[in-house]
4 protein chains.
Amino acid sequence: MQESDVESIHQQTVENFNKVRSHWAYLCKPLVKEDYVLQTAAGASPPKWHMAHTTWFFEQFILNNYFRGYQVYHPDYHFLFNSYYNSAGDFIDRHVRGMISRPTIDEVNSYRAYVDEHMNSLLNQLDDHPFEEIHPLLQLGINHEQQHQELFLMDIKNIFYQNPIRPVYQEIDYSHSQPVPFDWIESEAGMITIGYNGDGFCYDNEQPAHKTYIHACKMANRLILNGEYLEFMEAGGYTDSRYWLSDGWDTINQNNWQAPLYWDKTEADWEIFTLGGTRKLNENEPVCHLSYYEADAFARWKGVRLPTEFEWERYAANSKIEGNFMDNGGYHPKTPMQNGSQVLHLFGDLWEWTQSPYSGYPGYESLADGVGEYNGKFMCNQFVLRGGCCATPKNHIRKTYRNFYYPHDRWAFTGLRLAKNIK
Amino acid sequence: MQESDVESIHQQTVENFNKVRSHWAYLCKPLVKEDYVLQTAAGASPPKWHMAHTTWFFEQFILNNYFRGYQVYHPDYHFLFNSYYNSAGDFIDRHVRGMISRPTIDEVNSYRAYVDEHMNSLLNQLDDHPFEEIHPLLQLGINHEQQHQELFLMDIKNIFYQNPIRPVYQEIDYSHSQPVPFDWIESEAGMITIGYNGDGFCYDNEQPAHKTYIHACKMANRLILNGEYLEFMEAGGYTDSRYWLSDGWDTINQNNWQAPLYWDKTEADWEIFTLGGTRKLNENEPVCHLSYYEADAFARWKGVRLPTEFEWERYAANSKIEGNFMDNGGYHPKTPMQNGSQVLHLFGDLWEWTQSPYSGYPGYESLADGVGEYNGKFMCNQFVLRGGCCATPKNHIRKTYRNFYYPHDRWAFTGLRLAKNIK
Amino acid sequence: MQESDVESIHQQTVENFNKVRSHWAYLCKPLVKEDYVLQTAAGASPPKWHMAHTTWFFEQFILNNYFRGYQVYHPDYHFLFNSYYNSAGDFIDRHVRGMISRPTIDEVNSYRAYVDEHMNSLLNQLDDHPFEEIHPLLQLGINHEQQHQELFLMDIKNIFYQNPIRPVYQEIDYSHSQPVPFDWIESEAGMITIGYNGDGFCYDNEQPAHKTYIHACKMANRLILNGEYLEFMEAGGYTDSRYWLSDGWDTINQNNWQAPLYWDKTEADWEIFTLGGTRKLNENEPVCHLSYYEADAFARWKGVRLPTEFEWERYAANSKIEGNFMDNGGYHPKTPMQNGSQVLHLFGDLWEWTQSPYSGYPGYESLADGVGEYNGKFMCNQFVLRGGCCATPKNHIRKTYRNFYYPHDRWAFTGLRLAKNIK
Amino acid sequence: MQESDVESIHQQTVENFNKVRSHWAYLCKPLVKEDYVLQTAAGASPPKWHMAHTTWFFEQFILNNYFRGYQVYHPDYHFLFNSYYNSAGDFIDRHVRGMISRPTIDEVNSYRAYVDEHMNSLLNQLDDHPFEEIHPLLQLGINHEQQHQELFLMDIKNIFYQNPIRPVYQEIDYSHSQPVPFDWIESEAGMITIGYNGDGFCYDNEQPAHKTYIHACKMANRLILNGEYLEFMEAGGYTDSRYWLSDGWDTINQNNWQAPLYWDKTEADWEIFTLGGTRKLNENEPVCHLSYYEADAFARWKGVRLPTEFEWERYAANSKIEGNFMDNGGYHPKTPMQNGSQVLHLFGDLWEWTQSPYSGYPGYESLADGVGEYNGKFMCNQFVLRGGCCATPKNHIRKTYRNFYYPHDRWAFTGLRLAKNIK
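Since we're looking at a predicted model, the values are computed, not measured.

Caption draft 1: Spotlight on the overall build of chain A. Helix and strand counts for chain A stand at 9 helices and 12 strands. What you see for chain A is a C-alpha radius of gyration of 22 Å, in line with the 22 Å of a compact globule of 423 residues. Principal-axis analysis of the C-alpha atoms gives chain A an extent of 65 × 55 × 40 Å. A total of 423 residues make up chain A; the buried ones form 62% of that total. Sequence separation of 24 or more characterises 80% of the internal contacts of chain A that already satisfy a separation of 6 or more. With the model as given, the accessible surface of chain A reaches about 16300 Å², and the carbon-plus-sulfur share is 47%. Mean positive and mean negative side-chain charge positions of chain A (35 and 54 charges, respectively) differ by 6 Å.

Caption draft 2: Representation of the relation of the copies chain A and chain D in the model. Under the fitted operation, chain A is carried onto chain D by 0.1 Å of movement along the axis and a turn of 180°, and the coordinates agree to an RMSD of 0.0 Å. The operation mapping one copy onto its partner corresponds to a two-fold rotation axis. Minimal C-alpha separation from the rotation axis in chain A is found for N381 of chain A, amounting to 2.4 Å. Same-surface contact between copies: 100% of interface residues of chain A are shared with the interface of chain D.

Caption draft 3: Quick look at the sheet that holds strand β5 (residues 263–265) of chain C. Residues and elements named next belong to chain C. If you walk across this open sheet you meet the 3 strands as β5-β6-β7, and the pairing is antiparallel. Edge positions in the open sheet fall to β5 and β7 (277–280), since each of these has one partner strand only. Neighbour to neighbour, the strand axes of the sheet diverge by 30° on average, direction disregarded. The pairing of β5 with strand β6 (residues 270–274) spans 3 bridges and is antiparallel. Opposite K265, over in β6, you have W270 as the bridge partner. Each of β5 and β6 is contacted by helix α5 (residues 131–162), which is oriented at about 130° to β6, the strand it contacts most. Here helix α6 (residues 226–234) sits on the sheet in contact with β5 and β6, set at roughly 55° to β5.

Caption draft 4: Fine view of the interface of chain A and chain D. On the chain D side, the residues contacting the 35 residues of chain A number 35 residues. Taking both partners together, chain A and chain D bury about 2700 Å²; carbon and sulfur atoms supply 50% of that area. When the buried area of chain A at its contact with chain D is split by residue, Y213, K377 and N381 of chain A rank highest and sum to 17% of it. There are 0 salt bridges connecting chain A and chain D.

Caption draft 5: Examining the interface of chain A and chain B more closely. Contacts between the two partners involve 29 residues from chain A and, on the opposite side, 29 residues from chain B. Here chain A and chain B share an interface that buries about 2400 Å² over both sides, 65% of which is from carbon and sulfur atoms. Sorting the residues of chain A by area buried against chain B places E34, M99 and R102 of chain A first, and these three jointly supply 31% of that buried surface. Run the count over chain A and chain B and you get 2 salt bridges. Across the salt bridge formed by D35 of chain B and R102 of chain A, the nearest N and O atoms sit 2.5 Å from each other. Counting across the interface, chain A meets chain B through 10 residue pairs in polar contact (both at pLDDT 80 or more).

Caption draft 6: Representation of the arrangement of the chains. With respect to C-alpha atoms, chain A approaches chain C no nearer than 14 Å, and the pair has no contact. Separating chain B from chain D is a minimum C-alpha gap of 14 Å, and the two share no contact.

Caption draft 7: Region of the structure containing the packing of helix α6 (residues 226–234) of chain B against helix α8 (residues 292–301) of chain B. Residue and element names in this part refer to chain B. At their nearest, the axes of α6 and α8 sit 11 Å apart, and the two run at 75° to each other. Viewed along their axes, α6 and α8 adopt a mutual orientation that is roughly perpendicular. Taking contact as the criterion, the partners of E228, Y229, E231 and F232 in α6 are, on α8, E294, A297, F298 and W301. A per-class count over the contact of α6 with α8 returns 5 nonpolar, no polar and 3 charged.

Caption draft 8: Region of interest: the state of the cysteines. Throughout the structure, instances matching the rule amount to 0 disulfides over all chains. Free cysteine C390 of chain B: the closest other cysteine sulfur is in C389 of chain B, separated by 4.9 Å.

Caption draft 9: Seen up close, the nonpolar core. All names here are of chain C. L138, Y169, Y229 and W263 are the most contacted members of the largest nonpolar core, which totals 120 residues. When residues of this core are assigned to their parent elements, the largest contribution, 14 residues, is made by α5. What Y229 contacts, discounting residues up to four positions off in sequence, is I224, Y238, P260, W263, V287, L290, E294, F298 and L416.

Caption draft 10: Region of the structure containing unusual backbone geometry. The step from R102 of chain C to P103 of chain C runs through a cis peptide bond, and the omega angle for that step is 5°. Note on placement: P103 of chain C falls in the loop between α3 (77–81) and α4 (105–124). The phi angle at Y262 of chain A is positive, at roughly 75°, despite the residue not being glycine. Residue placement: Y262 of chain A occurs in the loop between α7 (246–254) and β5 (263–265). Within the chain, N256 of chain C stands out as a residue other than glycine whose phi angle is a positive 55°. Within the secondary structure, N256 of chain C sits in the loop between α7 (246–254) and β5.

Caption draft 11: Region of the structure containing the confidence of the model for chain A. With 95% of its residues at a pLDDT of 70 or more, chain A has an overall mean of 92. Interface predicted TM-score (ipTM) for the complex: 0.95; the corresponding pTM is 0.95.

Caption draft 12: The arrangement of the pattern of salt bridges in detail. Here the structure, examined in full by the defined rule, presents 72 salt bridges over all chains. Note that D116 of chain A and R21 of chain A form a salt bridge whose closest N and O atoms lie 2.6 Å from each other. Here D116 of chain A, found in helix α4 (residues 105–124), pairs with R21 of chain A, found in helix α1 (residues 3–28); they are 95 residues apart in sequence, far enough to count as distant. Considered together, D116 of chain A and R21 of chain A belong to a single accessibility category, that of buried residues. The partner of R402 of chain C in a salt bridge is E309 of chain C, with the nearest N and O atoms 2.7 Å apart.

Caption draft 13: Structural context of the packing of aromatic side chains. All names here are of chain D. Counting across every chain of the model gives 164 aromatic pairs over all chains. Judged by centre distance (5.5 Å) and plane angle (80°), the ring pair of W24 and F152 falls under edge-to-face. A residue pair is termed long-range when its members are at least 10 positions apart, and W24 in helix α1 (residues 3–28) and F152 in helix α5 (residues 131–162) qualify at 128 residues. The same class applies to W24 as to F152, namely buried. For the pair Y70 and Y114, a centre-to-centre distance of 5.9 Å together with 50° between the ring planes defines the contact as tilted. Taken together, the positions of Y70 in the loop between α2 (47–66) and α3 (77–81) and Y114 in helix α4 (residues 105–124) put the pair 44 residues apart, joining distant regions of the chain. On the basis of relative accessible area, Y114 is assigned to the partly exposed category, the value being 22%. Positioned above the aromatic ring of W49 is the side chain of R97, whose terminal nitrogen or guanidinium carbon lies 3.5 Å from the ring centre. The lysine or arginine in question, R410, covers the ring of W257, its NZ or CZ lying 3.7 Å from the ring centre.

Caption draft 14: Quick peek at the sheet that holds strand β8 (residues 351–357) of chain B. Residues and elements named next belong to chain B. Read across the sheet, 4 strands follow the order β10-β9-β8-β11 without closing on themselves; strand pairing throughout is mixed. Of all strands in the sheet, those with a lone pairing partner are β10 (403–405) and β11 (414–415), marking the two edges. Pairing geometry for β8 and β11, over 2 bridges, is parallel. Within β11, the position partnered with E352 by the bridge is G415.

Caption draft 15: Up close: the pairing of β8 of chain B. Residue and element names in this part refer to chain B. Counting buried residues in β8 gives 6 out of 7 residues, a clear majority hidden from the surface. Where β8 and strand β9 (residues 383–386) come together, 3 bridges link them in antiparallel fashion. Of the residues in β9, the one forming a bridge with E352 is R386.

Caption draft 16: Layout of the pairing of strand β1 (residues 184–187) of chain C. Residue and element names in this part refer to chain C. Residues I185 and S187 of β1 are buried on one face, while the alternating residues W184 and E186, pointing to the opposite face, are not. Of the strand pairs in this sheet, β1 and strand β4 (residues 217–220) are connected by 4 bridges, and their pairing is antiparallel. Bridge assignment links I185 to a residue of β4, and that residue is M219.

Caption draft 17: Quick look at helix α8 (residues 292–301) of chain C. Residues and elements named next belong to chain C. When you tally the buried positions in α8, you get 8 out of 10 residues, the bulk of the element. For α8, the full list of buried residues reads Y292, Y293, E294, A295, D296, A297, F298 and A299. Buried residues along α8 sit against α6, α7, β8 (351–357) and β9 (383–386). Phi turns positive one or two residues past the end of α8, at G303, with a value near 80°.

Rules behind the numbers
- Residues numbered from 1 in each chain as written.
- Chains lettered and ligands numbered in written order.
- Predicted model: local features only at pLDDT ≥ 70, side-chain atom pairs only at ≥ 80, totals over all residues.
- Heavy atoms only, no water.
- Helix = DSSP H or I, 4+ residues; strand = E, 2+ residues; numbered from the N terminus.
- Rg over C-alpha atoms; globule rule 2.2 N^0.38 Å.
- Buried < 20%, exposed > 50% of the residue type's maximum accessible area, 1.4 Å probe, protein only.
- Contact = heavy atoms within 4.5 Å.
- Areas by Shrake-Rupley, 256 points an atom, 1.4 Å probe, with all protein chains shown as cover.
- Lys, Arg positive; Asp, Glu negative; His and termini not counted.
- Charge placed at Lys NZ, Arg CZ, Asp CG, Glu CD.
- Least-squares fit on C-alpha atoms with pLDDT ≥ 70 in both.
- Pairing = 2+ DSSP bridges.
- Axes fitted to C-alpha atoms, helices over the stretch in contact; angles between N-to-C directions.
- Buried area = accessible area lost by both parts, 1.4 Å probe.
- Salt bridge = Lys/Arg side-chain N within 4 Å of Asp/Glu carboxyl O.
- Polar contact = N/O pair within 3.5 Å; in protein donor to acceptor, adjacent residues only side chain to side chain.
- Parallel < 35°, antiparallel > 145°, perpendicular 65-115°, else oblique.
- Nonpolar A, V, L, I, M, F, W, Y, C, P; charged D, E, K, R; others polar.
- Disulfide = S-S within 2.5 Å.
- Core = buried A, V, L, I, M, F, W, Y, C linked by side-chain atoms within 4.5 Å.
- pLDDT = per-residue confidence, 0-100.
- Phe/Tyr/Trp six-rings, centres within 6.5 Å; stacked < 30°, edge-to-face > 60°.
- Lys NZ or Arg CZ within 6 Å of the ring centre and 35° of its normal.

So this is what it looks like as structure tokens:
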């Protein structure tokens with residue numbers, strides 16, 4: 001790389017760091033102090049914890065290693081805000097993160113300011129280490145923080161839904177037009193390359209880029225809509241075991257699920273809870289907050305299936321990354337609108353469940369050391385989701401990006417696209 | 001009653017109402033907003049909830065019935081802050097009280113101010129109802145609020161203990177002198193009267209006053225001390241089933257209890273967590289935060305037993321109500337000091353477990369309506385404790401006062417006094 | 001005692017020993033080998049285990065101590081068939097007793113024969129020990145075995161009920177006549193003596209006999225009938241929290257109880273499962289298989305209460321022990337028939353819940369050593385039941401006999417008698 | 001197909017049917033009646049249930065449809081012995097299968113004889129249906145029964161292990177010689193065909209045969225041995241989170257796993273429980289009864305990984321199906337012996353965990369109707385295992401055979417083979 005390129009990348013990355021770090025101010029505007037403490041779902045964390053944990057990441061992996069003479073902000077924070085990085089030492093049990101009132105959000109914000117100041121100071125004067133050495137960790141930290149910003153939105157939605165008075169996070173523009181009619185888009189069998197092989201940042205789980213053989217299939221031109229999902233419900237979908245994976249059938253019965261998460265039946269109608277508050281179900285919006293089990297059952301009911309992540313990636317390779325993202329006024333999925341017969345709206349709005357279990361690619365190697373725990377240790381019992389959602393920052397998404405959740409998880413902004421075999 | 005007496009009682013009660021209601025300001029001084037949300041133990045509630053629930057009591061049982069044209073402060077608060085009063089309608093599940101960030105503590109304080117204002121307005125101008133009609137409910141509400149102030153102290157101690165950084169609630173004076181030597185005080189068999197038959201306020205469970213026959217026994221002159229309890233622990237008390245009730249043995253093994261609550265073993269020593277923070281165990285202080293099972297096991301190890309509540313009440317009848325109460329600078333039990341050979345220090349410091357299961361007295365009748373759920377519905381699976389504690393307001397206690405907890409409960413300020421049979 | 005008396009008691013006790021021991025042959029006639037293994041309820045044990053455990057009792061407490069050179073039948077049986085006698089060593093977890101297929105029932109019967117032979121041999125030739133020394137343990141063992149015979153009947157009923165094909169244990173004569181009309185029988189306040197002070201056998205929990213003061217009350221002349229309980233159910237008793245203890249309300253809702261155990265609603269009618277199979281509910285039979293919570297709720301609905309065990313014992317003191325016991329062709333409660341206006345049918349048919357928590361009497365001392373665990377360690381969280389039932393051998397019952405179950409237990413033959421205060 | 005071929009296949013299949021059906025007599029020889037009832041592990045079933053359920057399969061899917069005028073043996077058996085075939089109607093909860101003492105094993109054997117008789121009668125005189133129509137269901141039923149015979153051996157091992165007296169199922173020949181040294185066998189990248197495309201029987205999950213692209217890799221020449229696994233344990237493998245999947249780490253800690261299932265530490269040594277009883281651990285035998293988590297953790301500790309099922313199938317394609325199977329005197333894994341440098345012992349002994357999550361092959365379609373629930377509904381949260389084990393009948397195994405268990409399952413005869421990438 002040219003030195004001037006390094007310079008420019010250095011500058012851009014620092015800008016991006018500060019932009020992402022300061023985005024919390026916007027995200028937290030609707031919050032009161034009491035909101036920061038709560039943890040209402042398995043897999044969720046208190047808002048305060050997200051903000052401290054992402055800060056700890058920079059302290060632990062960058063400042064402690066590269067800032068000469070760095071003093072940690074507080075000796076207990078490592079224990080409190082470390083997460084699954086078992087190799088980095090002991091940490092508080094995930095399920096009691098919501099039992100900690102102190103440090104307060106004011107103290108967490110002081111911690112954030114302290115780390116930001118030292119990070120900027122370090123990045124402006126890299127005496128001991130070339131920028132190239134820090135750059136990968138910095139990129140990882142920025143992307144990690146963006147992930148937690150999306151988790152924050154998922155979690156605060158859950159926190160507000162738990163509350164019988166159902167607070168509103170922010171006003172949302174729900175305007176929409178007619179949805180694009182459902183259609184199938186065909187593609188042929190062949191060898192393709194899967195995974196990231198560009199120059200920019202990607203997660204370890206997107207690599208190595210590798211060849212794979214893919215069979216012919218058809219893919220739906222858009223996500224399934226609330227109205228279509230209602231037909232499944234009204235046809236008795238939740239009470240007919242034939243459509244369900246065995247584990248799925250157990251899950252819906254044990255939890256008494258009869259609709260997606262955040263749907264409530266009133267006497268007259270279905271209502272859904274959104275970050276903009278409770279509203280009447282709009283049948284033209286994509287169905288959201290489904291578990292894998294529900295997405296899969298819907299597909300079986302239709303006599304088809306979910307796509308594999310490889311099928312999805314092939315279609316995505318020919319699409320532009322554009323859509324309804326967090327920074328495009330997202331926060332709620334939009335009605336999929338017509339924009340040309342071939343075009344598939346693959347990005348933004350909702351994470352799309354694929355039928356691919358989350359595994360390492362052929363030749364996959366975890367990152368070394370603590371940060372290596374990032375992705376590899378979750379390659380079990382989860383499914384891959386693709387495309388980002390209305391709570392994802394647009395510049396966080398790639399065509400090769402692999403998200404993953406347990407098949408019973410529903411608090412993410414998850415949706416459903418169909419695929420089918422060609423006989 | 002003379003009219004002037006009524007007048008005077010009226011005035012005193014209003015004063016007491018305002019004094020108790022405003023005491024929260026003192027209690028909450030050490031808190032930050034994030035503290036108000038948490039619920040860390042089964043049986044505990046968030047600070048915010050205590051403050052709103054006691055307010056709801058006055059709204060529900062007094063203002064709604066006696067204040068003409070009263071508008072409830074907020075239509076959802078009944079659902080949120082109602083508690084075990086099943087007959088008063090639906091309410092939020094006890095175990096998710098800690099999942100509610102809003103209404104905020106500021107809003108709860110506004111609610112409190114609104115209800116206080118209407119209460120004072122009502123009490124100053126009782127057009128439609130004589131004071132005598134409202135007085136019993138008012139007394140009940142005041143005492144109910146005092147109970148929740150004690151619960152608040154118990155709960156905040158638990159909240160702070162859960163936090164690995166162990167915040168301090170307030171500075172406590174731990175100074176003490178030499179403890180009184182252990183001794184037995186004997187009393188003879190005979191008929192006695194149990195229960196409240198005075199003119200003042202008492203709970204329904206203290207009535208009817210009734211005759212009972214009591215056998216001769218000996219009672220310990222003071223509570224058991226930490227040092228004495230340590231001997232039990234060091235003698236293998238927690239690993240020898242012979243000393244334990246069957247349910248107690250299951251409980252200590254399922255929960256892996258090896259010491260009272262809030263005791264932690266460091267490499268060198270035992271530490272205890274107090275409202276004043278963590279400190280080295282003082283062997284001369286009364287042992288605190290015991291379950292009934294532990295109190296009972298200690299007594300069996302000593303070859304004796306716990307007193308019945310009737311034995312306790314007989315000794316109390318001849319004692320003055322004085323001791324280390326919340327408003328006497330309590331918050332932590334004190335070393336029992338010598339003050340005369342006969343004298344038993346029965347009040348304050350710690351609730352004393354008795355071997356009496358919590359039941360209704362002969363002829364007991366629940367109060368009518370909603371408030372009737374107050375005590376009677378808990379007369380099952382609990383044991384009576386007597387005497388008040390360092391977190392109880394002194395004017396809340398009576399010689400006939402019956403507190404009750406489940407035998408596995410340990411987060412109250414509970415202690416242990418021995419008794420024995422005379423053969 | 002005269003030597004000839006000792007001789008006669010000796011002979012009678014040995015006869016009784018052999019009679020009780022051999023009664024299993026009758027009890028087990030309806031069983032197949034597969035039945036002996038199962039444990040279907042918390043608190044229940046497999047039939048095989050009852051038969052081996054009662055045998056172990058004689059081996060452990062008598063043969064091991066008094067039979068010179070006794071060889072235990074099998075070294076593992078102590079571990080397998082010991083029970084709550086923690087002080088007698090380790091034992092298999094209660095809840096996995098039903099996971100043990102071997103030793104088989106044939107082997108258990110060999111074990112029984114071996115112990116019986118040695119017991120008879122010992123009892124016929126007491127070289128080293130006077131009979132008086134062994135007599136108390138022998139009596140305890142016989143009574144212990146009778147208790148397990150009743151438990152066996154409770155457990156096999158539960159085992160058969162769990163099975164969708166609902167096997168029949170034995171034919172039962174359900175003939176009956178008109179029930180006695182409900183009436184109240186009054187008695188006055190006064191000092192009475194409670195507990196056993198005769199010469200025969202009693203359990204430690206019936207002693208010491210002691211004076212107590214008892215208040216005036218009224219007692220129902222008979223048990224509550226199925227038809228009367230149905231009225232409570234049809235009046236919404238199971239859905240109105242006002243009638244329930246707090247723990248009871250939680251229990252019925254968590255377990256979704258809407259009727260007593262063994263009641264099933266068919267389209268047309270209520271059916272009950274009995275040891276004689278499934279049959280239509282007879283409204284004139286006493287209601288059976290109630291928890292304490294249900295008995296208490298019924299009484300509250302009626303505006304009255306359950307009797308105390310002392311009230312019960314006073315009425316029993318003037319009654320003859322006669323009724324529908326196991327050896328009188330019992331196994332199912334009978335319709336209470338008219339036999340004189342004063343007479344209360346207190347014995348047999350059903351164990352009667354009292355409102356008395358199970359505690360030690362004033363001056364109570366546990367037996368020494370292992371057998372001391374017999375009763376004292378359960379004096380917590382249980383309620384006293386009185387009078388025996390249709391599965392109890394008649395000669396096992398005394399007027400002072402105290403049975404005890406947890407308030408949520410329903411698999412015993414439990415019934416409900418009302419009492420009320422006199423104002 | 002030629003008519004004579006059909007004839008011959010018909011005859012062979014009937015022979016095979018009768019052979020497999022009658023094999024239970026051999027399997028059950030060591031059992032007593034009490035053994036047939038027990039269900040000791042999640043996922044396990046009582047022996048009796050296996051024998052009745054496999055019989056029900058023929059009744060439900062063949063006799064009911066093809067035997068004119070067939071009368072089911074007993075109307076309740078459908079409810080009792082149906083399993084996951086939700087579409088075939090209601091059935092008893094899986095976890096209470098062990099609560100049913102009746103029908104007895106004698107009755108189950110009568111049921112078996114009745115169905116066998118009718119099956120033979122049907123197969124000998126196929127008036128209404130050509131054999132080709134019944135053949136696929138018959139094959140499925142036979143293979144289904146073989147699977148349950150293996151499950152029976154897994155379950156009875158668990159039943160006997162739960163019993164503190166540790167019964168022996170049958171004598172086993174544990175003789176062995178020196179193990180083959182560990183080695184890596186390399187293979188190149190390329191397109192291969194996966195799945196079954198022969199004329200015989202296979203399960204739906206082995207189809208369609210399809211092309212896939214496979215990367216170069218190395219495969220271990222044999223399974224990992226007890227001695228090698230012990231090194232992992234002694235190196236602290238169970239206490240170092242770095243080696244574990246996140247779900248695996250939770251699993252071993254929640255269950256307190258510190259060794260494979262059936263391993264017990266005595267003071268001197270490790271013992272393992274086998275179908276031949278308890279014996280000292282042989283370091284040269286393959287390590288057995290591992291969860292996927294443990295297999296995966298061992299591989300990570302070694303710096304390598306588990307094979308994919310496709311890698312495994314490619315090696316298997318060039319190997320003969322021979323090994324230590326149930327009908328070759330199996331029941332316990334043998335030391336892998338030298339038989340040529342290239343040769344990999346892929347079949348028999350132990351099911352080999354692969355890193356492949358259990359999914360449908362491209363183009364996979366479930367069988368229609370009830371039998372369609374056979375495999376497809378389990379394609380979630382499980383991993384594929386290959387090669388059969390010492391409890392598998394040899395003629396049940398194919399090179400394309402896909403078994404599957406949850407990653408936490410350990411009661412199957414599971415083992416561990418390593419693979420690694422070529423960089």
